Amino acid sequence: GHQQSYSAGLKIQSLVQEGYKNGLIKTQNPQYVVVSSPFIRCLQTAYHMVKSMDPKDIYKERIFYEEGVGELMAESLFTEHVLDKLYVRNKTEEEVKKLVPYKLQEGFIKSKEHIIRPGYPENAGSGYERFDACYKEIVNYFMQELNQNSDKVLIIVTHAFGVSSVGQIHELFFLPDKGTEYTTFHQIFYDANSRGKGRLLLKLYSKHIFDLIKPKL
């Protein structure tokens, strides 16, 4: 999983270079703004992606985490509301750093404040509404406040539920994902004018990535 996350970071950087050549990004060395679910498995994924990048290229040299892009709070997954019992909140700073040895900030737009807190229990409908609200706030803030010069890249590390929610938001056509293991990332090209209709806007990368060199961890 660590190697796959690291390789995902390498692949994202190669896609950024393609974006620069195609005029989507105005610099070859953008800053990466990393927003993660607060669940430890997502924070670990985000950390190992960040490890593949130049430290100075990480916005504020930290990973932000937002409850609103966290897991679906379904009764089939959890027997109670678990957000206050997450590893990142119930372990010492030293214990957390053993798994994620990187600066973490709770809240993306405002420190210590979350855009939206999932309720419990959630169903698919209420979960999509929650993710939709949080995702749009993150993207709007990123575009209006951080990326006015098209020199930054937003990375959201979430769960399969979150990826499905983004597809619903943009009316994307999802191809079945066969054989995904552990880490998957999705590259989404969003055109506000098309509203996702009549276009395949999503590329899916799994089992990262056969042509990449395995990193030494």
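Note on numbering: residues in each chain are counted from 1, in written sequence order. Two thresholds apply to this predicted model, a pLDDT of at least 70 for residue-level local features and 80 or more for giving and counting side-chain atom pairs, whereas whole-chain, interface and lining totals are computed over all residues. Side-chain figures throughout are based on the complete set of non-hydrogen atoms in the structure, without hydrogens or water.

## Points about the overall build of the chain
Within the chain one finds six helices and six strands. Here a strand is any run of E in DSSP of at least two residues, a helix any run of H or I of at least four, and the numbering for each starts at the N terminus. Starting at the N terminus and ending at the C terminus, the chain contains elements arranged as α-β-α-β-α-α-β-α-β-α-β-β. In what follows, a contact means two residues having at least one pair of non-hydrogen atoms within 4.5 Å. By sequence separation, contacts in the chain at least 24 residues apart represent 74% of the contacts at least 6 residues apart. As displayed, the chain has an accessible area near 12200 Å², and 48% of this comes from carbon and sulfur atoms. Using a 1.4 Å probe, accessible areas were evaluated by the Shrake-Rupley method; residue-level cover was limited to the displayed protein chains.

## Description of the nonpolar core
In this structure, Tyr32, Phe39, Ile63, Tyr102 and Ile155 are the most contacted members of the largest nonpolar core, which totals 29 residues. If one sorts the elements of this core by residue count, helix 2 (residues 40-51) sits on top with six residues. If we skip the residues at most four places from it in the chain, Ile63 touches Val34, Ser36, Leu43, Ala46, Tyr47, Val50, Tyr102, Lys103, Leu104 and Gln105. What we call a nonpolar core is a set of buried Ala, Val, Leu, Ile, Met, Phe, Trp, Tyr and Cys residues that are connected through their side-chain atoms within 4.5 Å. Think of it in three bands: with a 1.4 Å probe and only protein chains considered, a residue is buried below 20% of the maximum accessible area for its type, exposed above 50%, and partly exposed in between.

## Structural notes on the packing of aromatic side chains
Aromatic pairing here means that ring centres of Phe, Tyr or Trp (its six-membered ring) are within 6.5 Å. Orientation follows from the plane angle: under 30 degrees is stacked, over 60 is edge-to-face, and everything else is tilted. Here the structure, examined in full by the defined rule, presents eight aromatic pairs. Ring centres of Phe108 and Tyr141 lie 5.4 Å apart, and the angle between their planes is 85 degrees; on these two criteria the pair is classed as edge-to-face. You can see Phe108 sitting in the loop between strand 3 (104-106) and helix 5 (124-146) and its partner Tyr141 sitting in helix 5, a full 33 residues away along the chain. Members of the aromatic cluster, joined through ring pairs, are Tyr59, Phe64, Phe108 and Tyr141.

## Structural notes on the pattern of salt bridges
By salt bridge we mean one thing: a side-chain nitrogen of Lys or Arg within 4 Å of a carboxyl oxygen of Asp or Glu. Applying the stated rule across the entire model yields twelve salt bridges. The salt bridge partner of Asp84 is Arg117, with a shortest N-O separation of 3.0 Å. Of this pair, Asp84 sits in the loop between strand 2 (63-65) and helix 3 (87-90) while Arg117 sits in the loop between strand 3 and helix 5; the two residues are 33 residues apart in sequence, bridging distant segments of the chain. Between Arg130 and Glu122 there is a salt bridge, with the nearest N and O atoms lying 2.8 Å from each other. It is possible to trace a salt-bridge network through shared partners that takes in Glu67, Asp84, Arg89, Glu106 and Arg117.

## Some words on helix 1 (residues 2-21)
Expected helix span is given by 1.5 Å per residue-to-residue step, counting one fewer step than there are residues. Helix length check: helix 1, at 20 residues, gives a terminal C-alpha distance of 29 Å against a target of 28 Å (1.5 Å per residue), a fit within 8%. Residues of helix 1 that are buried include every one of Gln4, Ser5, Tyr6, Ser7, Ala8, Gly9, Lys11, Ile12, Leu15, Val16 and Gly19, and no others. Positive backbone phi, at 85 degrees, marks Gly23, one or two positions downstream of helix 1.

## Focus on the packing of helix 1 against helix 2
For the pair helix 1 and helix 2, interaxial distance at closest approach is 7 Å and the crossing angle is 50 degrees. With respect to each other, helix 1 and helix 2 are oriented oblique. When the axes of helix 1 and helix 2 are compared, the crossing they make is right-handed. Of helix 2, the residues touching helix 1 (which contributes His2, Ser5, Tyr6, Ala8, Gly9 and Ile12) are Gln44, Thr45, His48, Met49 and Lys51. Gly falls in the polar group here, along with every residue not listed as nonpolar (Ala, Val, Leu, Ile, Met, Phe, Trp, Tyr, Cys, Pro) or charged (Asp, Glu, Lys, Arg). Its residues assigned to classes, the contact of helix 1 with helix 2 shows four nonpolar, six polar and one charged. All axes are obtained by fitting lines to C-alpha atoms, using only the stretch in contact for helices, and the reported angles, taken between N-to-C directions, cover 0 to 180 degrees. For classification, angles of less than 35 degrees are called roughly parallel, those exceeding 145 degrees roughly antiparallel, those between 65 and 115 degrees roughly perpendicular, and all remaining angles oblique. Working rule for handedness: look at the near helix, and if it is turned counterclockwise from the far one by less than a right angle, call the crossing left-handed; if clockwise, right-handed.

## Topic: the environment of Met73
Checked against the element boundaries, Met73 lands in the loop between strand 2 and helix 3. Measuring from C-alpha to C-alpha, the distance between Met73 and Tyr120 comes to 5.7 Å, with 47 residues separating the pair along the chain. The contacts of Met73, once residues within four sequence positions are left out, are Phe39, Phe78, His81, Val82, Leu83, Pro118, Gly119, Tyr120, Pro121, Glu122 and Arg130.

Geometric descriptors of this kind do not, in isolation, establish any biological role.
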